[in-house]
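# Fold and contact review
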Amino acid sequence: MKKTIFVLGAGRGCGNSVAKKFAENDFKVVLMSRNENHLAEYEKEFTEKGIEVYTKVFDASNLDSITKSLNELKEKFGVPDVLFYNVGITSIDSEIKEKKDANLLLNRYKVDVIGAYHSIQQVLGEEFSNKNGAILITGGGLALNPMYDYLPLSMDKAALRAMCIALHNELKKQNVFVGVVTVTGAIIPDDPDNLTKLANAFWKLYTERKDCEIIH
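Let us look at the structure shown here. Note that the coordinates shown come from a computational prediction; the quantities given were computed from them, not determined experimentally.

## As for the packing of aromatic side chains
A full pass over the atoms with the stated rule returns eight aromatic pairs. An angle of 80° between the planes, with centres 5.7 Å apart, marks the rings of phenylalanine 27 and tyrosine 206 as edge-to-face. Of this pair, phenylalanine 27 sits in strand S2 (residues 27–33) while tyrosine 206 sits in helix H7 (residues 192–208); the two residues are 179 residues apart in sequence, bridging distant segments of the chain. On the basis of relative accessible area, phenylalanine 27 is assigned to the buried category, the value being 3%. Consider the rings of tryptophan 203 and tyrosine 206, whose centres lie 5.5 Å apart with planes at 45°: the pair is tilted. Of this pair, tryptophan 203 and tyrosine 206 are both found in helix H7, three residues apart, which corresponds to roughly one turn of the helix.

Below you can see the structure in the form of structure tokens.
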């Protein structure tokens, strides 16, 4: 029986590359994004490659949307074997059109960190533990080397990394693995070698279930 990976934050970069890596290893894939048109494109691409794929629209900035979407998916597929959170707002601060105030920081944090934590809470439980479930997170090098020009993202990636380390140590008591790939360079969708190496890092975390973090 195939295992299942839920990919929250599907996209032509990291999200879809990791999904394909798991599909190569007999996983069925559920791609999640807020853009319905993009999901339709990804579904067509994956299906043409012979991958068993399903899609679900959700909004990582809305906790009710996360809860509803994951509940519907759990009802259809059961609790996943892997939850992969790949959502993040990565634009440079100079491109931000909103006022750069506390509300902006709160809104970014809600997507980048709270969305991840809330998603994890939706799958934890006896069934996930019995499956030796895994939580995989896309981190960022700004957690290690923060930059003023990326201030909200630097703060969020640091918090996300701290969350992963804390949950890794706690949830392993429940046979649940938590791991983060801290990506220190740019993710370039048109660079297949880079994407392959990145996907392999996530697969290594999942299969070895040892270290909490890989710095890529």
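## Let's talk about the pairing of S2
The element S2 is largely enclosed, with a buried count of seven among its seven residues. Burial of the side chains of S2 extends over both faces: Phe27, Val29, Leu31 and Ser33 are buried on one face and Lys28, Val30 and Met32 on the other. Summarising the sheet, strand S1 (residues 3–8) and S2 pair through six bridges and their orientation is parallel. Within the sheet, the bridge partner assigned to isoleucine 5 lies in S2 and is valine 29. Handedness of the crossover joining S1 and S2 through helix H1 (residues 14–24): right-handed. With five bridges joining them, S2 and strand S3 (residues 53–57) adopt parallel strand pairing. Among the inter-strand pairings, leucine 31 is bridged to a residue of S3, identified as threonine 55. The handedness of the S2 to S3 crossover, carried by helix H2 (residues 36–48), is right-handed.

Rules and cut-offs
Residues numbered from 1 in each chain as written. Predicted model: local features only at pLDDT ≥ 70, side-chain atom pairs only at ≥ 80, totals over all residues. Heavy atoms only, no water. Phe/Tyr/Trp six-rings, centres within 6.5 Å; stacked < 30°, edge-to-face > 60°. Helix = DSSP H or I, 4+ residues; strand = E, 2+ residues; numbered from the N terminus. Buried < 20%, exposed > 50% of the residue type's maximum accessible area, 1.4 Å probe, protein only. Pairing = 2+ DSSP bridges. Right-handed = clockwise from strand over helix to strand, strands pointing away.

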